[in-house]
Amino acid sequence: MIFGRSERGKPPVEPVTLKILVAGGFGVGKTTLVGAVSEIRPLRTEELLTEAGRPVDDTSGVEGKHTTTVAMDFGRITLREDLVLYLFGTPGQERFWFMWDELSEGALGAVVLADTRRLEDCFAAIDYFERRSIPFLVGVNCFEGAARYPEQDVRHALDLDDYVPVVMCDARDRESVKDILVGVVQHAMRFASDRRRAVTT
């Protein structure tokens, strides 16, 4: 079966689509994560960093970064013939946050990528998803040269509730990213089940 086309006269299957957001601070690896697992060439809306943006784009810790996402990253994974996952990478800088409400509409859950060298950069994303009751997982992107900390230390530093998963990952590695996405789906299912149980009791 080729996505979107029928096989030998069979009626085409209308797939169920799931949406997961990938959020976090500037330069944390959102574009890289989407590109690592997308079965299509990811849609990217990156522009070169300019001198005009220097006062608002803090590149400390990511001095090698020369581009920034100005709208979103988009990728797709066909899990089954009838199940497709869409990934939307959100822009990291504050001036683009107005787009988050549109991107989060109908989202199953989210990945908040974190860099231990700049943990404070993911506070805004965590606050956003907590306020809107969107289930999320924190993926600590293990950059080369960055200090490694135990999961509990990261959880404490980010002031996370005990039920929010924290997972170490490599945004460049397909298998690592797949594990992250499976974790988001499982967490979202538990989150939805707990909310239904709370309503009925």
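Above this text you will find the structure in question.
Keep in mind it's a predicted model, so treat the numbers as computed, not measured.

So, how was this worked out
- Residues numbered from 1 in each chain as written.
- Predicted model: local features only at pLDDT ≥ 70, side-chain atom pairs only at ≥ 80, totals over all residues.
- Heavy atoms only, no water.
- Helix = DSSP H or I, 4+ residues; strand = E, 2+ residues; numbered from the N terminus.
- Patch = residues over 30% accessible without salt bridge, like charges linked within 9 Å, V, L, I, M, F, W, Y side chains within 5 Å.
- Areas by Shrake-Rupley, 256 points an atom, 1.4 Å probe, with all protein chains shown as cover.
- Salt bridge = Lys/Arg side-chain N within 4 Å of Asp/Glu carboxyl O.
- Lys, Arg positive; Asp, Glu negative; His and termini not counted.
- Charge placed at Lys NZ, Arg CZ, Asp CG, Glu CD.
- Phe/Tyr/Trp six-rings, centres within 6.5 Å; stacked < 30°, edge-to-face > 60°.
- Buried < 20%, exposed > 50% of the residue type's maximum accessible area, 1.4 Å probe, protein only.
- Axes fitted to C-alpha atoms, helices over the stretch in contact; angles between N-to-C directions.
- Parallel < 35°, antiparallel > 145°, perpendicular 65-115°, else oblique.
- Contact = heavy atoms within 4.5 Å.
- Nonpolar A, V, L, I, M, F, W, Y, C, P; charged D, E, K, R; others polar.
- Expected span 1.5 Å × (residues − 1).
- Polar contact = N/O pair within 3.5 Å; in protein donor to acceptor, adjacent residues only side chain to side chain.
- Pairing = 2+ DSSP bridges.

Observations regarding the environment of Gly24
If you trace the backbone, Gly24 turns up in strand β1 (residues 16-24). A sequence separation of 91 residues divides Gly24 from Asp115, and the C-alpha atoms of the two residues are 8.9 Å apart.

Let's talk about a negative patch on the surface
A contiguous patch of negative charge on the surface is contributed by Asp127, Glu130, Asp159, Asp161 and Asp162. Within the secondary structure, Asp159 sits in the loop between α4 (151-158) and β7 (166-169).

Topic: the packing of aromatic side chains
Under the counting rule described, the total for this entry stands at 6 aromatic pairs. Taking 5.4 Å as the distance between ring centres and 40° as the angle between the ring planes, the aromatic pair formed by Phe74 and Tyr86 counts as tilted. Pair noted here: Phe74 is in strand β3 (residues 67-80) and Tyr86 is in strand β4 (residues 83-89), with a separation of 12 residues, a long-range link. Overall, the relative accessible area of 22% leaves Tyr86 in the partly exposed class.

Looking at the packing of helix α1 (residues 30-37) against helix α5 (residues 174-200)
How two helices pack is summed up by the angle between their axes together with the distance between the axes. In the contact formed by α1 and α5, the axes pass within 9 Å of each other and the chain directions differ by 100°. Judged on the interaxial angle alone, α5 and α1 are roughly perpendicular. Mapping the contact onto sequence places Leu33, Ala36 and Val37 in α1 and Arg174, Val177, Lys178 and Leu181 in α5. Considering only residue class, the contact of α1 with α5 consists of 5 nonpolar, no polar and 2 charged.

Things to note about α5
Here α5 contains 27 residues, and its C-alpha end-to-end distance of 39 Å stays within 8% of the 39 Å for a straight helix at 1.5 Å per residue. Taken as a whole, α5 has its buried residues at Ser176, Val177, Ile180, Leu181, Gly183, Val184, His187, Ala188 and Phe191. Where α5 begins, the capping side chain belongs to Asp173, and its oxygen is found 3.3 Å from the backbone nitrogen of Glu175.

A look at the pairing of β1
As paired strands, β1 and β4 are joined by 7 bridges and run parallel to one another. Counted as the bridge partner of Leu21 is Phe88 from β4.

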